[in-house]
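# Structural overview
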Amino acid sequence: MSGKEFFINRYEQLGWKFVEATPRQAIRINLINAKGKNLEERLLNAGVSLEKIPFLESGYWVSESRVSVGATAEYLLGLYSIQEAAAQIPATLFTSLKGKKVLDACAAPGGKTVQLADLMGNSGLIVALDVSKKRLAPLANHLERCHVSNTIVYQLDARQASKLKIKFDRILVDAPCSGNFVGDKNWFRRRTMADVERNARLQREILAEAAACLSEDGEIVYSTCSLEPEENEVNMDWAVRHLHLQIEEINCHGQEGLTTIFGKKLDGSVARCRRIWPGETQGFFVCKLKQVGKR
Amino acid sequence: MKFALQVGAQLALNADFVVNKAGRYFLLNEALCKVARQDFYYAGTYLGKVKNGKFFPSFNLLAMLAKGDANKVIIDGQAAWLFICGRDIFRRSIIAMYGSRKKGAHTLVLNEFGECLGFGKIVCSLDEKVRGDEVAVKNILDVGDFLRREI
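The next subject is the pairing of strand E9 (residues 214-224) of chain A. All names here are of chain A. Counting buried residues in E9 gives nine out of eleven residues, a clear majority hidden from the surface. Taken together, the six bridges between strand E8 (residues 168-174) and E9 define a ladder with parallel strand orientation. Looking at the pairing, Arg-170 lines up with Glu-219 of E9. Across six bridges, E9 lies against strand E15 (residues 284-291) in antiparallel orientation. When the sheet's bridge partners are listed, Glu-219 is paired in E15 with Lys-290.

Structural data, given as structure tokens:
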């Protein structure tokens with residue numbers, strides 16, 4: 001159960017006609033650092049033209065660039081981050097972040113951690129975890145470059161987050177996933193359903209641990225860059241049935257989550273999730289969860 | 001801190017909030033202090049590290065120092081670009097100077113927007129009449145280091 005034809009056939013059954021997609025390069029302005037600094041004008045002078053992304057507050061497409069956007073002085077000074085457009089969505093879905101205790105359960109390389117810190121105005125605290133030691137150095141560099149001051153980083157498997165003995169107000173689970181074919185020309189060759197199922201299991205374990213670390217009125221935002229429903233809608237259906245969580249309405253870019261997967265009917269609330277098929281952005285999935293009775 | 005004095009700055013940090021983690025120094029806020037365990041990898045504001053007895057400041061620390069009185073040179077746009085590529089600063093590229101201008105002093109290097117790009121060592125007295133094409137500040141550390149670290 002693998003190969004391009006196999007996966008394309010699955011996507012068609014889910015209602016999407018396969019097209020090769022080349023997502024546009026995007027940046028996100030770090031509002032704390034860039035405030036009052038005329039960043040757009042400065043980048044234009046440096047040869048970088050930006051175009052506002054209509055569905056994001058601080059996101060811009062790079063419409064033209066004579067220089068590498070990852071090597072400008074403005075980038076090195078932390079005025080902006082390079083962050084794919086769809087990947088900018090999850091952190092914006094939390095109700096309020098200022099002064100909160102936030103867990104970024106699978107944080108490296110830190111794009112969303114920095115975004116959370118920016119949205120929090122460096123207030124409260126973020127605990128950022130990653131299981132891989134070699135991924136912690138890029139995360140730390142990202143935090144230093146963007147002058148993040150409210151974050152503590154541990155090398156820890158998200159499935160052991162309760163060892164920290166902290167109840168979090170907000171938890172971001174940007175789960176390790178199978179990814180998608182956009183930007184990875186070998187994806188169809190490398191991926192099998194066994195990978196998808198293994199990742200889906202891991203994601204459920206992380207979600208269960210996140211639910212155990214959530215404060216009473218807390219919120220979890222779950223996201224992946226996988227197109228496979230087993231890692232997305234099916235997992236959300238599982239969370240509703242097993243973790244005493246409910247799916248919240250969100251208002252963001254993307255289509256409703258699928259409620260029928262290959263003939264299997266899921267909980268109707270799964271439609272509140274958002275699925276983004278590849279196009280201007282990469283493929284993506286996002287969902288917001290709260291404990292039952294706390295909407 | 002000794003390094004702050006080196007660049008003509010004053011810095012008073014609450015020692016209770018500064019943590020030394022295997023030679024790397026971090027400034028924590030109150031909320032972080034309450035939850036921090038010993039085994040963290042990174043926390044709060046990274047201040048710098050001590051290696052072989054020598055202190056290497058972080059860019060966060062340099063930016064903090066640049067907000068107050070310190071030895072500073074402000075350089076023009078082209079020199080700013082060359083500086084973050086690791087190059088030294090010619091006298092003619094310096095738009096303004098604050099604090100010590102003495103040879104051998106350390107100085108923060110800022111761009112025309114007042115953002116700290118790094119620091120360097122004054123290699124000829126900035127008071128003297130020197131030729132414009134003479135190196136005035138030798139690059140010690142610049143923000144281009146973020147790119148070099150990733151290689």
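The rest of the description comes next.
Residues and elements named next belong to chain A. Partitioning chain A into structural domains gives domain 1 (24-83) and domain 2 (85-291). Contact between domain 1 and domain 2 buries roughly 1,600 Å² in total, counting both sides, with carbon and sulfur atoms accounting for 53%. Applying the counting rule to domain 1 against domain 2 returns two salt bridges. One salt bridge connects Glu-280 with Arg-24, and the closest N-O pair in it is separated by 3.3 Å. Counting across the domain 1 and domain 2 interface gives twelve residue pairs in polar contact (both at pLDDT 80 or more). Secondary-structure elements contributing two or more residues to the side of domain 1 that touches domain 2 are strand E1 (26-29), helix H2 (31-34), strand E3 (59-65), helix H4 (73-76) and strand E4 (80-82). A total of four residues in the side of domain 1 that touches domain 2 trace back to one element, the largest contributor, which is E1. Its residues placed into classes, the side of domain 1 that touches domain 2 shows 13 nonpolar, seven polar and two charged.

This part covers the interface of chain A and chain B. Each partner contributes to the interface: chain A provides 29 residues, whereas chain B provides 31 residues. Around 2,600 Å² of area is buried between chain A and chain B when both sides are counted, 63% of it from carbon and sulfur atoms. When residues of chain A are sorted by the area they lose upon contact with chain B, Leu76(A), Glu144(A) and Tyr154(A) head the list and together hold 24% of the total. Joining chain A to chain B, the criterion identifies three salt bridges. With a shortest N-O distance of 2.7 Å, Glu115(B) and Arg42(A) are connected by a salt bridge. Elements represented by at least two residues in the side of chain A that touches chain B include exactly H4, helix H6 (136-145) and strand E7 (151-155) of chain A. Of all the elements, H6(A) adds the most residues to the side of chain A that touches chain B, at eight residues. The residue inventory of the side of chain A that touches chain B, partitioned by class, reads 17 nonpolar, seven polar and five charged.

This part covers the side chain of Glu248(A). Inspection of the secondary structure puts Glu248(A) in the loop between strand E10 (245-247) and strand E11 (255-256). In terms of polar contacts, Glu248(A) uses its side chain to reach the side chain of Gln246(A), at 3.5 Å.

Residue and element names in this part refer to chain A. Tallied over the full model, the rule gives 27 salt bridges over all chains. The residue Glu-230 makes a salt bridge to Arg-10 at a minimum N-O spacing of 2.7 Å. Placement of Glu-230 in the loop between E9 and helix H9 (233-242) and of Arg-10 in helix H1 (residues 4-13) is noted, with a sequence separation of 220 residues between them. The class of Arg-10 is buried, set by a relative accessible area of 6%.

Let us look at unusual backbone geometry. Omega for the peptide link from Ala108(A) to Pro109(A) comes to 5°, which places this bond in the cis form. The topology assignment puts Pro109(A) in the loop between strand E5 (101-104) and helix H5 (111-119). Here Lys165(A), not a glycine, exhibits a phi torsion of approximately 55°, which is positive. Mapped onto the elements of the fold, Lys165(A) is located in the loop between E7 and E8. A positive phi angle, near 50°, is found at Ala22(B), a position not held by glycine. Assignment of secondary structure puts Ala22(B) in the loop between strand E1 (18-21) and strand E2 (24-27).

The next point concerns the environment of Val69(A). Residues and elements named next belong to chain A. Along the polypeptide, Val-69 turns up in the loop between E3 and H4. Residue classification places Val-69 among the buried residues on the basis of a relative accessible area of 4%. Sequence separation of Val-69 and Asn-9 is 60 residues, and the distance between their C-alpha atoms is 37 Å. With residues near it in sequence (within four places) discarded, Val-69 still touches Gln-25, Val-48, Val-62, Tyr-75, Tyr-80 and Ile-82.

Definitions and cut-offs
Residues numbered from 1 in each chain as written. Chains lettered and ligands numbered in written order. Predicted model: local features only at pLDDT ≥ 70, side-chain atom pairs only at ≥ 80, totals over all residues. Heavy atoms only, no water. Buried < 20%, exposed > 50% of the residue type's maximum accessible area, 1.4 Å probe, protein only. Helix = DSSP H or I, 4+ residues; strand = E, 2+ residues; numbered from the N terminus. Pairing = 2+ DSSP bridges. Domains from an automatic or database assignment. Buried area = accessible area lost by both parts, 1.4 Å probe. Salt bridge = Lys/Arg side-chain N within 4 Å of Asp/Glu carboxyl O. Polar contact = N/O pair within 3.5 Å; in protein donor to acceptor, adjacent residues only side chain to side chain. Nonpolar A, V, L, I, M, F, W, Y, C, P; charged D, E, K, R; others polar. Contact = heavy atoms within 4.5 Å.

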